[in-house]
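# Remarks on the overall topology
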Amino acid sequence: MLNKEAQKQVTLEFDVQQRDKYGRLLAYVWLGNAKNPKAEMLNQTLVKEGYAQVATFPPNVKYTDSFVKLQKQAKDAKKGM
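Read on for a plain summary of the structure.

This part covers the layout of surface pockets. Over the atoms rolls a probe the size of a water molecule, and its path tells where empty space is left. Taken as a whole, the largest pocket encloses approximately 440 Å³ of empty space. In this structure, the largest pocket is lined by 26 residues; those nearest its centre are A27, Y28, N43, A55 and F67. Put simply, the parts of the chain that give the lining of the largest pocket at least two residues each are strand 2 (28–31), helix 1 (42–48) and helix 2 (64–76). Partitioned by chemical class, the residues of the lining of the largest pocket number 16 nonpolar, five polar and five charged.

Structure, rendered in structure tokens:
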């Protein structure tokens, strides 16, 4: 899951809003530098492996379509819990 480069750096990518109305941080978590094509998005990996469910908080919808597709694939493959 993690390559050695990704273990050295964690990058947060923000969408339109950085916090929700409760003050919680809303970010996409990259293992490695988000600008590096070898970086892994933790949010995406968790959904793809069936260990997270998609939760969308508009206006932060940058990766929603991708997450929904990955969630369906994980469910169809009976991955996760």
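For the structure on display, the rule yields four salt bridges. Ionic pairing is found between E13 and K62, a salt bridge with its closest N-O pair at 2.5 Å. You can see E13 sitting in strand 1 (residues 10–13) and its partner K62 sitting in the loop between helix 1 and helix 2, a full 49 residues away along the chain. Residue K72 pairs with D76 through a salt bridge whose shortest N-O separation is 2.8 Å. Placement of the pair is K72 and D76 together in helix 2, with a separation of four residues, close to one helical turn.

The peptide bond linking P58 to P59 adopts the cis configuration, its omega dihedral lying at 15°. Secondary-structure assignment places P59 in the loop between helix 1 and helix 2. Phi is positive for K78, which is not a glycine, with a value near 55°. As for its placement among the helices and strands, K78 is situated in the segment after helix 2. By relative accessible area, which is 72% here, K78 ends up exposed.

Quick notes on the rules
- Residues numbered from 1 in each chain as written.
- Predicted model: local features only at pLDDT ≥ 70, side-chain atom pairs only at ≥ 80, totals over all residues.
- Heavy atoms only, no water.
- 1 Å grid on protein atoms, 1.4 Å probe; cavity = no way out; pocket = protein on both sides within 12 Å on 5 of 7 lines; lining within 4 Å.
- Points joined across faces, edges and corners; volume = space filled by probe spheres on them.
- Helix = DSSP H or I, 4+ residues; strand = E, 2+ residues; numbered from the N terminus.
- Nonpolar A, V, L, I, M, F, W, Y, C, P; charged D, E, K, R; others polar.
- Salt bridge = Lys/Arg side-chain N within 4 Å of Asp/Glu carboxyl O.
- Buried < 20%, exposed > 50% of the residue type's maximum accessible area, 1.4 Å probe, protein only.

Functional significance is not addressed by these values, which are geometric in nature.
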